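Chain and residue survey
In case you want the letters, here they are:
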Amino acid sequence: MVEELLIKNGVVYDPINGVKGEKKDICIRNGKIVEEVKNPKVIDAGGRVVMPGGVDIHAHIAGGKVNSGRLFRPEDGRKGLKAKTKLCRPESGYSVPNTFAVGYRYARMGYTFVMEPAMPPLAARHTHEELVDIPILDNAALPLIDNNWMTLEYVKSGDIDLLAAYIAWIIKATKGYGVKVVNPGGTEAWAWAKNCDLNDAVPYFDVTPADIVKGLAEANERFEMPHSIHVHGNMLGHPGNYEVTLKTYDLVKGITPYRDRPVLHSTHTQFFSYGGTTWRDFESKARAIADYVNANEHVSIDLGSVILGDTTTMTADGPMEYSLYQITGRKWTNHDVELETGSGITPFMYSGKVGVHTIQWAIGLELALLTRDPWKIALTSDHPNAGPFIGYPILISMLMSKKRRDESAEEMHSSIFDRTELPSIDREYDFYEIAIITRAMTARTLGLHEHGKGHLGVGADGDVAIYDISPEERDAGKIQKAFLNAKYTIKGGEIVVKDGEVVSTPEGRTFFVTPECDPKLTDEMMTKLKEMFTNYYSVSFANYPVQDAYVPNPYEIRAPWRS
Amino acid sequence: MVEITDVVCPLCGCVCDDIVVEVEDNRVTKVRGACAVGKSKLMGHGRIKSPAIRVNGALKECSYDEAIKKAAEILAGARRPLLYGWSSTVCEATKLGVCLAEEIGAVIDNTASVCHGPSVLAIQDVGLPSCTLGEVKNRASLIIYWGANPTAAHGNHMKRYSYIAKGYFLPGGKKDKKLVVVDVRETKTAKMADKFIQVEPGKDYLVLSALRAVLYGHEDVVPDNVGGVSKEDILEVANMMKEAPFGIIFFGMGVTQSRGRHNNIINAIQVTRAAHTHTKFNIMPMRGHYNVTGFNQVCTWETGFPFAVDLSRGFAWYNPGETSSTDLLIRRECDAALIIASDPGAHFPGESIKHLSKIPVIQIDPFANPTTEFADVVIPTAVSGVEAEGSVYRMDGIPLRLRKLVDTDYLSDEEVIQAILEEVRAIKSKEGE
Amino acid sequence: MGAKVKLISGRTVAQGQNLDNKLSEEYFKAVALCELSAEDMEKIGASPGDNVKVRTEYGEVVVKAKQSTGYPEGVIFIPMGPWANAVTSGNTKGAGMPQYKGIDAEIEKTDEPVLNIKELMKRYM
């Protein structure tokens, strides 16, 4: 049966296709955007704002770390309790929602794709098991590749081709999407309770984090990878780290990407834009980061913007979580993963009455407002690190309303006036720019625009969000409300949310990349890899790769070798 | 004869995945690489022949359909059903179990409740600084087993992952490592130790407190003898901990099931945190069944909470001590129970079996056991990891996939729960009309 | 003559090997027993192979005595299973976990027989 849908009278923001608030009909047939439809079900958008389905470039929604967060925070679980309905399964959690709540809440906000950005390769099956249990959303996951002993050894020997062969193998073995970097070298050092700055030698491996970042960026571009390397660099969360951040960006400046995209995506950049030398003289260096991003084309960033309140921080950056736990004295979980990566988790409360938190809060917004080209910026809160994704509508309203920012600043710690320049920034985002930073830029940076995501051109997925707001509206409260509960969310041509309620729960698909490596290189790499399994891994080589059963709804993207 | 390599062992939390099995005439005939207990599991035992329903006090064989229908009737009609077990089956079955619990407003709980439940409570208080087992193998020069006896319970643990294993930074294996064992009795594991600390029963908390004080630099407050352990010994162990570049405490039911329960574990984790101020230190529970961890994982990502989850309100309510199986049974609150892949008849305190044996019980298991003696509906299933595949989680949270080695006519746990769920839904929708 | 002891329960290899074989003679032999020190054996006047009655606040059970090294005086061990649990309390002290280890118990030599699983389970029904 042909399923047709016509959305008429919407004011459409489709940045990838240059559609900037035009009254325009959208036609969907069999889940895809088409030119015209014959006998459709009709939705009258009634002059409301219409956008492609949201695409989140970075949110920790699934996997061992997220689940450890849920497990050790029943107090967070109790915050989001919602009983099952005829259609929906029970919800729980605020900063660490259960899988069902993740799907329903994102869908209510008009999102249809989320990238899980930190999959420990050895535990990849776990990440996929949770992704499968998240309703509605299409998804993908980035395997952590930067602290892996194979990577360290090839970076040390300078064999970028063999490094590429390893990357190809591990992305395939984990059904992953690209190369994730988290505290390169520092996480390996953390296995000995140490950490690494950008140019420190990694204990026993005799390479530096700088070598790792450069090596991985080069290896990544050996393939037609849809996404650049996705980097959480060194010294996250340390006062004065903005210099490390800029040096990290400079490392990859000369590398040519395979297509028109950056070579490095700098994630949750708020945490990397710190000035000062201690928490006492801590200040914003968002301006320095934004200036760099304005002047260069090889770096994209996402914000990692703070949403005030209680949350659960979690990252593969083990030493960072340990530092945070030492500051707060709250509970702390750590989980180092053999030959590959680590992770830490600790609860955290961002308070607008605390100077440091206030500055952090301002930095995320400053980055968005000082970076001129929104195509270089993605809206994230590094869910749940700077706050849960459910707070995105608050961030959107802040970016769209100078008035709201001023009102908030009045309530907050005075450091916002002397350690940040947020109060002096007048810029306000419009709906078009919001559409860029929440779907168009993210889809394009991930290379998903070529696979139907983030736009409404003919052939794209029928993923549409209709927000209950008129394009003229400037009231921050109304903006926030509209983005929290979409009037309609349509996923693959199916109405999944109506009037802020979930009305159907189709299964999402998992996107994964298959890098295609020269078999000779693969063979050579494999000898070394099998030695690692025989001698050092605690699981067998044969049981390591993620079986097809874990990705029941696959979408494969091939990434040919660039000879 | 077919040889199958890299078989994943469905017995304990070690989930060894390098077992070699020989299969002849659809039967496992030889097992290499497993411990004595794992081998016994893979070789197999006598099975429940047929589904059965208790009639006038005796089990009467019936078809799968009849047993499933009866099970669904019991569950659909119950006011306070308990779905218990889940630790020796695959995650796919557990997922369906959570669905079933939502459908009938049941309490769903697993054997962690009587095993490492207190460890979960402790983790919820202070967290868990830990790592994967390969980290231990490659880096740990100090291994402490506290209230754990792997020679009996986790036969390959020391060989594959800890004291005896050779690793990247410790190529000499046990020559490069030190073993400390803390127990109330001198077990076989204790006999292997470089240092054995014999603690009086129920005094672990005191010894942990003393150790923690020393690690934080307060040895002056420690008396000469703590829980039967001399101050000298405590100082020696503390020094070993400080000096090891990477150390780990593996703890077992010796501390979760004795006086103090979760408080012992909180203290042990605090000791780990204290040691971490000097060096790299980790702690890990010695999880018993091969997928006890997996249930806790699935239950957590689906309901938000790891065990003892009450779904009678439509949303998940978690309050161990109230919603845990033993407490529900002691209060005589349950009016029906589904027992899967576990044996409360053998492993619950007699006091709770008294109530369990009186209410309608559905048992899903490949093997007859004490629970069968009072079960009202018995549904035999395939042995996961031998006759059915599926997802499981090792004690360190590493997910692995059990293999299917031989064919069977038995339904899998997954298929049985799915069938019961469908039948329950059919009953409910009829009632709705 | 009786003795006051602390009872602990736990896994053994033979218990583990017969986990899926609980209604068998092997399981009965592996689990319906009590390991204790020579001192405690002597105290109650038992020889290896004698039956002992273990009594706690919650019940009593008869098991075979097995003299064993490694036990301090006053600590006895019954492999986890229906015999140990016959004398275990269900009181979890609000933590969900019964106390399976370190239970105050009294032991004495007895001529009463060791019940098999069916007989043991019947006591509950």
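Presented here is a report on the structure given in the accompanying data block. Quantities reported herein were computed from a predicted structural model and do not represent experimental measurements.

Definitions and cut-offs
Residues numbered from 1 in each chain as written. Chains lettered and ligands numbered in written order. Predicted model: local features only at pLDDT ≥ 70, side-chain atom pairs only at ≥ 80, totals over all residues. Heavy atoms only, no water. Helix = DSSP H or I, 4+ residues; strand = E, 2+ residues; numbered from the N terminus. Rg over C-alpha atoms; globule rule 2.2 N^0.38 Å. Buried < 20%, exposed > 50% of the residue type's maximum accessible area, 1.4 Å probe, protein only. Contact = heavy atoms within 4.5 Å. Areas by Shrake-Rupley, 256 points an atom, 1.4 Å probe, with all protein chains shown as cover. Lys, Arg positive; Asp, Glu negative; His and termini not counted. Charge placed at Lys NZ, Arg CZ, Asp CG, Glu CD. Axes fitted to C-alpha atoms, helices over the stretch in contact; angles between N-to-C directions. Parallel < 35°, antiparallel > 145°, perpendicular 65-115°, else oblique. Left-handed = near helix turned anticlockwise from the far one by under 90°. Nonpolar A, V, L, I, M, F, W, Y, C, P; charged D, E, K, R; others polar. Phe/Tyr/Trp six-rings, centres within 6.5 Å; stacked < 30°, edge-to-face > 60°. Buried area = accessible area lost by both parts, 1.4 Å probe. Salt bridge = Lys/Arg side-chain N within 4 Å of Asp/Glu carboxyl O. Polar contact = N/O pair within 3.5 Å; in protein donor to acceptor, adjacent residues only side chain to side chain. Pairing = 2+ DSSP bridges. Expected span 1.5 Å × (residues − 1).

Attention now moves to the overall build of chain B. Helix and strand content of chain B: 17 helices and 22 strands. In terms of C-alpha radius of gyration, chain B reaches 23 Å, essentially the compact-globule figure of 22 Å for 433 residues. Seen along its three principal axes, the alpha-carbon backbone of chain B occupies a region of about 70 × 55 × 35 Å. By the burial criterion, 70% of the 433 residues in chain B qualify as buried. By sequence separation, contacts in chain B at least 24 residues apart represent 67% of the contacts at least 6 residues apart. Accessible surface, chain B as shown: approximately 13,400 Å² in total, 47% of it carbon and sulfur. Across chain B, the 48 positively charged side chains and the 53 negatively charged ones have centroids separated by 4 Å.

All names here are of chain A. Helix H6 (residues 160-174) packs onto helix H5 (residues 149-157) with a crossing angle of 165° between their chain directions and a minimal axis gap of 8 Å. Compared by their axis directions, H5 and H6 come out roughly antiparallel. Crossing of H5 against H6: the hand is left-handed. Taken together, the residues of H6 that come into contact with H5 (itself represented by Met150, Thr151, Tyr154 and Val155) are Leu162, Leu163 and Tyr166. Split by residue class, the contact of H5 with H6 holds six nonpolar, one polar and no charged.

Before going further, it helps to spend a moment on the packing of aromatic side chains. On inspection of all chains with the given rule, the structure shows 45 aromatic pairs over all chains. Aromatic side chains Trp149(A) and Phe169(B) sit 6.0 Å apart centroid to centroid with 85° between the ring planes, which places their arrangement in the edge-to-face category. Of this pair, Trp149(A) sits in helix H5 while Phe169(B) sits in the loop between helix H7 (157-160) and strand E10 (178-183), each in a different chain. With centroids separated by 6.2 Å and ring planes inclined at 45°, the aromatic side chains of Tyr27(C) and Trp83(C) adopt a geometry described as tilted. Linking Tyr27(C) in helix H2 (residues 25-31) with Trp83(C) in helix H4 (residues 82-85), this pair joins segments that are 56 residues apart in sequence. Comparing Tyr27(C) with Trp83(C) shows no difference in burial state: the two are buried.

Moving on to the interface of chain B and chain A. In this assembly, 63 residues from chain B lie in contact with 58 residues from chain A. Between chain B and chain A, a total of about 5,100 Å² is buried, with carbon and sulfur atoms accounting for 53% of that surface. For the interface between chain B and chain A, the tally reads five salt bridges. Ionic pairing is found between Asp336(A) and Lys280(B), a salt bridge with its closest N-O pair at 2.7 Å. For the pair chain B and chain A, the number of links is 40 residue pairs in polar contact (both at pLDDT 80 or more). Those elements giving two or more residues to the side of chain B that touches chain A turn out to be helix H3 (91-104), helix H4 (117-126), strand E8 (129-131), helix H5 (133-139), helix H13 (292-303), strand E21 (390-393) and strand E22 (399-402) of chain B. Partitioned by chemical class, the residues of the side of chain B that touches chain A number 27 nonpolar, 16 polar and 20 charged. Here three bridges tie strand E16 (residues 333-336) of chain A to E8(B), and the two strands are oriented parallel to one another.

Residue and element names in this part refer to chain B. Locating Ser87 in the fold gives a position in the loop between strand E6 (81-85) and H3. For Ser87, a relative accessible area of 0% gives the class buried. At 2.6 Å, the side chain of Ser87 forms a polar contact with the side chain of Thr111.

With that settled, the discussion passes to unusual backbone geometry. All names here are of chain A. Along the chain, His383 connects to Pro384 via a cis peptide bond; the corresponding omega equals -5°. In this structure, Pro384 sits in the loop between strand E18 (377-378) and helix H13 (392-400). One non-glycine residue, Ala193, adopts positive backbone phi at about 60°. On the secondary structure map, Ala193 appears in the loop between helix H7 (186-190) and helix H8 (209-220). By relative accessible area, which is 29% here, Ala193 ends up partly exposed.

Taken together, the contacts link 44 residues of chain C with 54 residues of chain B. For the pair chain C and chain B, the summed buried area comes to about 4,100 Å², and 61% of that belongs to carbon and sulfur atoms. Of all residues in chain C, the largest losses of buried area upon contact with chain B belong to Arg11(C), Asp20(C) and Met97(C), amounting jointly to 18% of the total for that side. Counting the contacts that link chain C with chain B gives two salt bridges. Lys22(C) serves as the salt-bridge partner of Asp343(B), at 2.8 Å between the closest nitrogen and oxygen. Viewed at the interface, chain B and chain C are joined by 20 residue pairs in polar contact (both at pLDDT 80 or more). When contributions to the side of chain C that touches chain B are tallied by element, the ones reaching two or more residues are strand E1 (2-10), helix H1 (13-17), strand E5 (75-79), H4 and helix H5 (117-122) of chain C. Among the elements that line the side of chain C that touches chain B, the one with the most residues is H1(C), at four residues. Tallied by class, the residues present in the side of chain C that touches chain B amount to 20 nonpolar, 17 polar and seven charged.

Turning next to H8(A). Residue and element names in this part refer to chain A. Relative to the 16 Å expected for 12 residues at 1.5 Å per residue, H8 spans 16 Å between its end C-alpha atoms, a close match to the ideal helical length. Counting buried residues along H8, nine of its 12 residues qualify, which places the element largely inside the surrounding structure. If you check which residues of H8 are buried, you get Pro209, Ala210, Ile212, Val213, Gly215, Leu216, Ala217, Ala219 and Asn220. Residues of H8 that are buried in the fold lie against H5, H6, strand E9 (180-182), strand E10 (229-232), helix H9 (242-251) and strand E11 (264-266).

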